[in-house]
Amino acid sequence: MLLVGYPPFEDGDGIAAMLQDICRGRFDFNDPAWELVTPEAKDLVKRMLTVDPKKRITAKMALHH
């Protein structure tokens, strides 16, 4: 949200659909606003949004990303 002003989830179908996308790990950076975000920042977002907690980046790891 802080990088481009909105989350990387589709919100055209309402909040319920967006929550499903979050739970399923479905997101993208296709919007033109994301073109201004560095690859490193996008990588961090991807790692933080990993659905499987065993594979998700930890807070400590994120601080050193």
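Residues numbered from 1 in each chain as written. Predicted model: local features only at pLDDT ≥ 70, side-chain atom pairs only at ≥ 80, totals over all residues. Heavy atoms only, no water.

**Quick look at the overall build of the protein chain**
Let me state the cut-off plainly: Elements are defined by DSSP. Helices are runs of H or I of four residues or more, strands are runs of E of two residues or more, and each kind is numbered from the N terminus. For every residue, the accessible area obtained with a 1.4 Å probe (protein chains only) is divided by the maximum for its type, and the residue is called buried under 20%, exposed over 50%, and partly exposed between those limits. By definition, residues are in contact when any of their heavy atoms lie within 4.5 Å. Per-residue accessibility takes into account occlusion by the displayed protein chains alone, with areas from the Shrake-Rupley method and a 1.4 Å probe. Charge counting follows a simple rule: Lys and Arg are positive, Asp and Glu are negative, and His as well as the terminal groups are ignored. The atom standing in for a charge is NZ when the residue is Lys, CZ when it is Arg, CG when it is Asp and CD when it is Glu.
Looking only at helices and strands, one finds three helices and zero strands in the protein chain. For the protein chain, the sequential pattern of α-helices and β-strands runs α-α-α. Taking the principal axes of its C-alpha atoms as reference, the protein chain extends roughly 35 × 30 × 15 Å. Taken across its 65 residues, the protein chain has 20% of its residues classed as buried. Pairs at least 24 residues apart make up 37% of the contacts formed inside the protein chain by residues separated by at least 6 positions. Total accessible area on the protein chain stands at roughly 5,100 Å², and carbon and sulfur atoms take up 59% of it. Positive and negative side-chain charges of the protein chain, numbering 9 and 10 respectively, have mean locations separated by a distance of 12 Å.

**Brief notes about a nonpolar patch on the surface**
Applicable threshold: Each patch groups residues whose relative accessible area exceeds 30% and which form no salt bridge, using 9 Å between like charges and 5 Å between nonpolar side chains of Val, Leu, Ile, Met, Phe, Trp and Tyr. By convention in these notes, a salt bridge is any Lys or Arg side-chain nitrogen within 4 Å of a carboxyl oxygen on Asp or Glu.
Taken together, the side chains of I15, L19 and I22 make up a nonpolar region of the molecular surface, amounting to roughly 270 Å² of accessible area. Note that I22 resides in helix 1 (residues 15-24). Relative accessible area serves as the criterion here: at 34%, I22 is assigned to the partly exposed category.

**A short note on the side chain of D21**
Within the secondary structure layout, D21 lies in helix 1. The exposure class of D21 is buried, given its relative accessible area of 10%. Sequence-distant contacts of D21, defined by excluding residues within four places in its chain, comprise F9, E10 and R26.

**Thoughts on the environment of E10**
Topologically, E10 is positioned in the segment before helix 1. Judged by its relative accessible area of 54%, E10 is exposed. Residue contacts for E10: discarding those within four places in its chain leaves M18, D21 and D28.

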